[in-house]
Amino acid sequence: QSLSGHLLLLYFAGAVLATIFEYLVAVIMNRLLGSVWWDYSEKPFNYKGVICLESTIAWGFYAIIVVEYLNGFMMKMVSVIPFHTGILITSTVILIYGIDFFYHFLDAVGLSGSYRNRVVKCKDIVVERYQRFRERW
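In every chain, residue numbers begin from 1 and rise along the written sequence. The model is predicted, so local features are restricted to residues of pLDDT at least 70 and side-chain atom pairs to those at 80 or more, both for listing and for counting; the totals for chains, interfaces and linings are taken over all residues. For the side-chain quantities, the full set of heavy atoms in the structure was used; hydrogens and water were omitted.

Asks: Help me understand the side chain of Thr19, please; the structure alone is not making it clear to me.
Replies: Helix and strand assignments follow DSSP, with helices taken as H or I runs no shorter than four residues and strands as E runs no shorter than two, numbered in order from the N terminus. Looking at where Thr19 falls in the secondary structure, it is placed in helix 1 (residues 7-33). Judged by relative accessible area, Thr19 falls into the buried class, the value being 10%. Whether two residues are in contact is decided by their heavy atoms: any pair within 4.5 Å suffices. Thr19 has contacts with Ile51, Thr56 and Trp59, leaving out every residue within four places of it along the chain. In this scheme, a residue with accessible area under 20% of its type's maximum is buried, one over 50% is exposed, and one in between is partly exposed, where area comes from a 1.4 Å probe on protein chains only.

See below:
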C-alpha cells in the first residue's frame, strides 16, 4: 500500500528509513574508505557524528516532497516517452553499465599491483578533495 496521501505516515517512514540508510552508508564508508564524508559531531542529538536529529527531521520533509510532488511530475515526464523507445533507452543504458562493470570486474579480479595502487590513489584523491571542500564551507 502506498503512503502517498498519508502525510504523517510518509513523513515518519521517510525520516526513519533515510536515517537508517544514512547510518548504514556511514558504516560502510568507514570500513571501506576509513572515513565518512560528513560529520554531525557539532550538531545536537547526534549519534557517533554520522546521524543527527536535524537531518532526520529534514529527511521526513524530503520524503513528502519527493513522493507527493516530484514523483507525479516524473511519472508525467516518463509517460511522454513511447514504450518501445523507453525499452531501447533502458536496454542501452543497462548494456553500457554491464560492459563497464564487466571490464572493471576483470581488472579487479586480476589483482594486479597497479589496480590496487589506482584504488588507493583514487581513495586518497577523493578524501583530499572532500576535505578541501569542507574547509571552504
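Now, onward.
Asks: I would appreciate a short explanation of the pattern of salt bridges in the present structure.
Replies: Between side chains of opposite charge, a pair can form when the charged atoms approach closely. One speaks of a salt bridge when a side-chain nitrogen belonging to Lys or Arg is within 4 Å of a carboxyl oxygen belonging to Asp or Glu. All told, the structure shown has one salt bridge when counted by the stated rule. Here Lys43 ties to Glu54 by a salt bridge, and the two come within 3.3 Å at their closest N and O atoms. Placement of Lys43 in the loop between helix 1 and strand 1 (46-47) and of Glu54 in helix 2 (residues 53-79) is noted, with a sequence separation of 11 residues between them.

Asks: What is the right way to look at helix 1 in this model?
Replies: The periodicity of an α-helix, 3.6 residues per turn, causes residues three or four places apart in sequence to face the same way. In a helix, the anticipated span is given by 1.5 Å times the number of residues less one. For helix 1, which comprises 27 residues, the first-to-last C-alpha distance of 37 Å matches the rise-based estimate of 39 Å (1.5 Å per residue) to within 8%. By the burial criterion, the buried members of helix 1 are Leu10, Tyr11, Gly14, Ala15, Ala18, Thr19, Glu22, Ala26 and Met29. Note on helix 1: the residue one or two positions beyond its end, Gly34, has a positive phi of about 80 degrees.

Asks: Where do I start with unusual backbone geometry in this structure?
Replies: Negative phi values dominate among residues other than glycine, just as trans dominates among peptide bonds. Phi at Phe45 is positive, roughly 55 degrees, even though this residue is not glycine. Locating Phe45 in the fold gives a position in the loop between helix 1 and strand 1. Positive phi is not limited to glycine here, since Lys48 has a value of about 55 degrees. With respect to the helices, strands and loops of the structure, Lys48 is situated in the loop between strand 1 and strand 2 (51-52).

Asks: Would you mind showing me how to read a nonpolar patch on the surface here?
Replies: In this scheme, patches are assembled from residues that exceed 30% relative accessible area and form no salt bridge. Like charges are connected within 9 Å, while nonpolar side chains (Val, Leu, Ile, Met, Phe, Trp, Tyr) are connected within 5 Å. Residue-level accessible areas treat just the shown protein chains as cover; the underlying method is Shrake-Rupley with a 1.4 Å probe. Together, Tyr62, Ile65, Val66, Tyr69 and Leu70 line one region of the surface with nonpolar side chains, adding up to about 520 Å² of accessible area. Mapped onto the secondary structure, Ile65 falls in helix 2.

Asks: Would you take a moment to explain the packing of aromatic side chains for this structure?
Replies: Note on aromatic pairs: each is described by the distance of the centres and the angle between the planes. Only Phe, Tyr and Trp rings are paired, with Trp represented by its six-membered ring, and only when their centres lie within 6.5 Å; those with planes under 30 degrees apart are stacked, over 60 edge-to-face, the remainder tilted. Counted according to the given criterion, the structure contains five aromatic pairs. When the ring of Trp59 is compared with that of Tyr62, the centres are 5.6 Å apart and the planes differ by 75 degrees; the resulting orientation is edge-to-face. One end of the pair is Trp59 and the other is Tyr62, both in helix 2 and three residues apart, which spans about a single turn. Note on Tyr97 and Phe101: the rings are 6.3 Å apart at their centroids and 25 degrees apart in plane angle, and the pair reads as stacked. With Tyr97 and Phe101 both in helix 3 (residues 83-109), this residue pair falls four residues apart, about one helical turn. Here Tyr97 falls in the exposed class, since its relative accessible area comes to 56%. Put simply, the rings of Tyr11, Phe12 and Phe61 touch in pairs and so form one group of aromatic residues.

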